[in-house]
Amino acid sequence: NGMVAKVPALVLQPSSAAQVAAAVGFARDQGLLLSIKGGGHNMAGTSIAERGLTLNMSRMRDVTVDPHARLAHVGPGCLLREVDRATQAHGLATPLGSFNSEVGVAGLTLGGGLGYLTRRFGWTVDNLAEVEIVTADGQIRTAGRDENADLFWALRGGGGNFGVVTRFTFRLHEVGPIITGGLMVWGADRVDDVLATYRDLTESAPRELTAAVTLRLAPPAPFLPEEWHGKPIIGLLVCHSGADAEGDLAPVRTLGDPIADLVAERPYTDQQSLLDGMEPKGHHYYWKTEYLAGLTNEFLDTFRDSALKVTSPLSESIVVHLAGELNERAHDDGAAGNRDARYMTAFAGQWPADAADEAHLAWVRQAWNSVRPHSTGGNYLNFQTADEDEERVRATYGPNFDRLVEAKVTYDPENLFRRNRNVRPRARNPTP
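I will try to describe carefully the structure that is included in this document. The residue count restarts for each chain, going from 1 along the sequence in the order it is written. For this predicted model, a pLDDT threshold of at least 70 governs which residues receive local features, and a threshold of 80 or more governs which side-chain atom pairs are given and counted, while totals over whole chains, interfaces and linings are taken from all residues. With hydrogens and water excluded, all non-hydrogen atoms of the structure serve as input to the side-chain values.

**Observations concerning the pattern of salt bridges**
Stage number 1. By definition here, a salt bridge exists when the distance from a side-chain nitrogen of Lys or Arg to a carboxyl oxygen of Asp or Glu is within 4 Å. The tally for this structure, following the rule as stated, stands at 30 salt bridges.
Stage number 2. Where Arg329 meets Glu325, a salt bridge forms, and the shortest distance between an N and an O atom there is 3.2 Å.
Stage number 3. Throughout, exposure labels follow a simple rule: accessible area from a 1.4 Å probe, protein chains only, divided by the maximum for the residue type, with under 20% read as buried, over 50% as exposed, and the rest as partly exposed. Taking the relative accessible area as the measure of exposure, Arg329 reaches 22% and is therefore partly exposed.
Stage number 4. Sharing partners across several salt bridges, the network here consists of Asp126, Arg145, Arg156, Glu325, Arg329, Asp333 and Arg339.

**What about helix H1 (residues 17-30)?**
Stage number 1. To qualify as a helix, a DSSP run of H or I must reach at least 4 residues; to qualify as a strand, a run of E must reach at least 2; elements of each kind are numbered from the N terminus. Helix span, expected: 1.5 Å multiplied by one less than the number of residues in the helix. An ideal rise of 1.5 Å per residue puts 20 Å on 14 residues; H1 measures up with 20 Å between its terminal C-alpha atoms.
Stage number 2. Within the span of H1, buried status applies to Ala17, Val20, Ala21, Ala23, Val24, Gly25 and Ala27.
Stage number 3. Looking at the buried side of H1, the elements it contacts are strand E1 (10-12), strand E2 (34-37), strand E3 (53-56), strand E7 (128-134), strand E8 (140-144) and strand E9 (164-171).
Stage number 4. Two residues or fewer past H1, Gly31 is found with a positive phi of approximately 65 degrees. We call two residues in contact when some of their heavy atoms are within 4.5 Å.

**Here's the deal with the sheet that holds strand E5 (residues 71-74)**
Stage number 1. Pairing between strands is defined by DSSP: at least two bridges between them are needed. Pairing is antiparallel in the open sheet, where five strands are placed in the order E4-E5-E9-E7-E8. Bordering the open sheet on either side are strand E4 (63-66) and E8, each of which pairs with just one other strand. Taking each pair of neighbouring strands and ignoring which way they run, the sheet shows an average axis angle of 15 degrees.
Stage number 2. With four bridges connecting them, E5 and E9 associate as antiparallel partners. Considered in E9, the bridge of Ala72 is made with Phe170.
Stage number 3. Each axis is a line fitted through C-alpha atoms, and for a helix only the stretch in contact is used; angles between axes span 0 to 180 degrees, taken between their N-to-C directions. Running at roughly 30 degrees to E4, helix H2 (residues 80-88) makes contact with E4 and E5 of the sheet.

What follows is the structure, given as structure tokens:
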């Protein structure tokens, strides 16, 4: 994100947990600001410590798949595509993102994680079996449901507040390798029809089907007719990982006359990378999200009106269907919480670095404020921006927040890990 570019004083590239432990001890003993860079995709810029020490984890990107135990052991420097390719070689997958295969696994996971498979299998952290982590005292620990359970609970959604994860172990599920997915696009004159169909579709869709709707100005993409470039469009992005894709997608087909129809059988790995290239490095990014319990008429009208006021041809407004497995767990099953979320809406601002920021920032904020009355009160940690305050972080966790503070006091009482969406250990006079 070009809006939050920072320069560290020192970058270390560890290749083992022991080297990470040495680096953490050095930063602690020298009083250095410390940050952790996994995939480097965090929009708020928290992976870089300005004039501090940044641990670049890109040398720790091994993936080992145990197809019999259905587990994947993943290094913290891995990108989504590396894990997907390794697991799909065995017809297996775990929920890892949906819009960009270049996202880092570590940041996505620690912030909760959502993707095309969330409806079937829950948040990414619902599929986390174990982690190896270096905590602020320099100790290398294993955390799972039966070992350091309080730390494991906090890591399942608590962001980078508790240490440096040096290995993730994920549970895997049978998926693909061929699914049905892709994008269908209509002109924005069809917006009300498409939104109504989207609501009907998602209210009855099986969990094998995930659908997202997006409103934006048409990019100069080769699959869109040139006469539509720059004009408002509405698209449906779908991924069906089950058996009866055509039957389940029939309501969408009845809309008819799309500008483009890219929905077809394809490898799951292709679906995961379908939108790669849509977020170039160095652009300015500013996003706001809210979780929703449903799609009321009032919300859909507000979403439509706000989305159509977009100021940049690179920005978009999104609704993603999430309802399913995540709603069947207790609110305190992991720090990620938000078990009442059935949809997520996002206003994703993007514009070139040489353009003025003000109008685009204003559009995102105005659009976001317009839909907030429809929110569950929660929002997605991984899409938070650099200007979020502590109350926004608290809202992310809802009733789980106080328990996170307790875990922070236990495992990082001096707030060494604070270049993140910070949970402050108030009880012990944390570093500001």
